[in-house]
Amino acid sequence: MTLFLCRLYELLSTTDENDLQSLLSSFHCSAEPAAENFLKNTAIRHEKNGISRTYLFLEQDREDKDIVVGFFTLAVKCLSVNKQHSIPEEIFEQMNVDKGVAQAYLLGQLAKADGTEKGFGRAMIEVAFEIFSNGNDMFGCRVVRLDCRDKLLGYYESCGFTSAGKNSGGTLNQMVAII
């Protein structure tokens, strides 16, 4: 089976929206139901409004029908950094924090379909970082951030992210990486 990366933004201009919705509905992720819900109910609206860009990993099933096996969403979102931050100094110095704010790219959603092989999430993060690196070359931003639940903290640390503390609501861990 062949795996390929496709931008949702491009599919919107070449695919009937009902067919596109059917494609997005092929994605099932019991580990991340909020991400599945985002893809099926919010991603198209975010694309149309320029809020984020969603990248889909597609594979053809046995009937040569495309199915979504993973996706990630990228955006731009500043990171507030208070004076009592927990970011290691060597990373903090690279973040160019100005008046308590660091400009950052956001890895907003990341999920792989049920049954997808181990390591695929890490491979998707590597692709996202290639895209962020292109942005860095064009715009100069070098901070990548994401928000995650406690149970994913160790996973994202193993992928090169560092904890920047909890979000303002105290419900999610804010993580940063430097390109």
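Enquirer: Tell me about the overall build of the chain, residues and numbers included.
Expert: If you tally the helices and strands in the chain, you get seven helices and nine strands. Taking 16 Å as the expected radius of gyration for a compact globule of 179 residues, we find that the chain reaches 17 Å, a close match to that expectation. For the C-alpha atoms alone, the extent of the chain along its principal axes is close to 55 × 30 × 30 Å. With 179 residues in all, the chain has 43% of them scored as buried. In the chain, 63% of the contacts between residues at least 6 apart in sequence involve partners at least 24 apart.

Enquirer: Which residues make up the nonpolar core, and what values do they have?
Expert: Counting residues in each nonpolar core, the largest one holds 25 residues, and the members touching the most others are Phe 72, Leu 107, Ile 125, Phe 132, Tyr 156 and Phe 161. Taken together, the elements giving at least two residues each to this core come down to β2 (53-60), β3 (66-76), β6 (105-112), α6 (120-139), β7 (143-148) and β9 (173-178). Here this core takes seven residues from α6, the largest share from any one element. Once you skip the residues sitting within four places of it in the chain, Ile 125 turns out to touch Leu 107, Leu 110, Tyr 155, Tyr 156, Cys 159 and Phe 161. Leu 20, Leu 39, Val 68 and Ala 111 belong to the second largest nonpolar core, which has 19 residues in total.

Enquirer: An account of α6 is needed here, citing residue identities and associated values.
Expert: Taking 1.5 Å of rise per residue, 20 residues should cover 28 Å, and α6 covers 28 Å from first to last C-alpha, within 8% of that figure. Within α6, burial applies to Phe 120, Gly 121, Met 124, Ile 125, Val 127, Ala 128, Phe 129, Phe 132, Gly 135 and Asn 136.

Enquirer: Would you mind going over unusual backbone geometry in detail, with residue names and values included?
Expert: For residues besides glycine, phi is generally negative; the peptide bonds are generally trans as well. In this structure, Asn 96 takes a positive phi of about 50 degrees despite not being glycine. Mapping Asn 96 onto the fold places it in the loop between α5 (89-92) and β5 (101-102). Classification of Asn 96 by relative accessible area gives exposed; the value is 51%.

Enquirer: Requested: an account of the pattern of salt bridges, with residues and values cited.
Expert: Considering all chains together, one arrives at six salt bridges under this definition. With a shortest N-O distance of 3.1 Å, Glu 47 and Arg 53 are connected by a salt bridge.

Enquirer: Please set out helix α2 (residues 17-24) residue by residue, giving values where relevant.
Expert: For α2, the set of buried residues is Leu 20, Leu 23 and Leu 24. Considered in projection along α2, the buried side chains sweep an arc of 95 degrees and stay on one side of the axis. Those residues of α2 that are buried are in contact with α1 (8-14), α3 (33-41), α4 (43-48), β2 and β3. Its side-chain oxygen at 3.0 Å from the backbone nitrogen of Asn 18, Asp 16 defines the N-terminal cap of α2.

Enquirer: Kindly report on the environment of Gly 154, identifying the contributing residues and their values.
Expert: Secondary-structure assignment places Gly 154 in helix α7 (residues 153-158). Considering only alpha carbons, one finds Gly 154 and Ser 86, 68 residues apart in sequence, at a separation of 16 Å.

Enquirer: Report on the packing of aromatic side chains, specifying residues and quantitative values.
Expert: Here the structure, examined in full by the defined rule, presents nine aromatic pairs. Ring geometry for Tyr 155 versus Tyr 156: centroids 5.2 Å apart, planes at 70 degrees, classification edge-to-face. Taking relative accessible area as the criterion, Tyr 156 reaches 8% and is therefore assigned buried. Taken together, a centroid distance of 6.0 Å and an interplanar angle of 85 degrees make the contact between Tyr 156 and Phe 161 edge-to-face. Among the residues examined, Phe 161 registers a relative accessible area of 3% and is labelled buried. Ring pairs connect the aromatic residues Tyr 105, Phe 129, Phe 132, Tyr 155, Tyr 156 and Phe 161, which therefore count as one cluster.

Enquirer: Kindly report on the pairing of β7, identifying the contributing residues and their values.
Expert: Where burial is concerned, most of β7 is hidden: five out of the six residues are buried. In this fold, β6 hands off to α6, which returns the chain to β7; that crossover is right-handed. Relative to β9, β7 is paired through six bridges, and the arrangement is antiparallel. Following the sheet pairing, Arg 145 is matched in β9 by Val 176.

What counts, and at which threshold
- Residues numbered from 1 in each chain as written.
- Predicted model: local features only at pLDDT ≥ 70, side-chain atom pairs only at ≥ 80, totals over all residues.
- Heavy atoms only, no water.
- Helix = DSSP H or I, 4+ residues; strand = E, 2+ residues; numbered from the N terminus.
- Rg over C-alpha atoms; globule rule 2.2 N^0.38 Å.
- Buried < 20%, exposed > 50% of the residue type's maximum accessible area, 1.4 Å probe, protein only.
- Contact = heavy atoms within 4.5 Å.
- Core = buried A, V, L, I, M, F, W, Y, C linked by side-chain atoms within 4.5 Å.
- Expected span 1.5 Å × (residues − 1).
- Salt bridge = Lys/Arg side-chain N within 4 Å of Asp/Glu carboxyl O.
- Arc of directions from axis to C-beta.
- Polar contact = N/O pair within 3.5 Å; in protein donor to acceptor, adjacent residues only side chain to side chain.
- Phe/Tyr/Trp six-rings, centres within 6.5 Å; stacked < 30°, edge-to-face > 60°.
- Right-handed = clockwise from strand over helix to strand, strands pointing away.
- Pairing = 2+ DSSP bridges.

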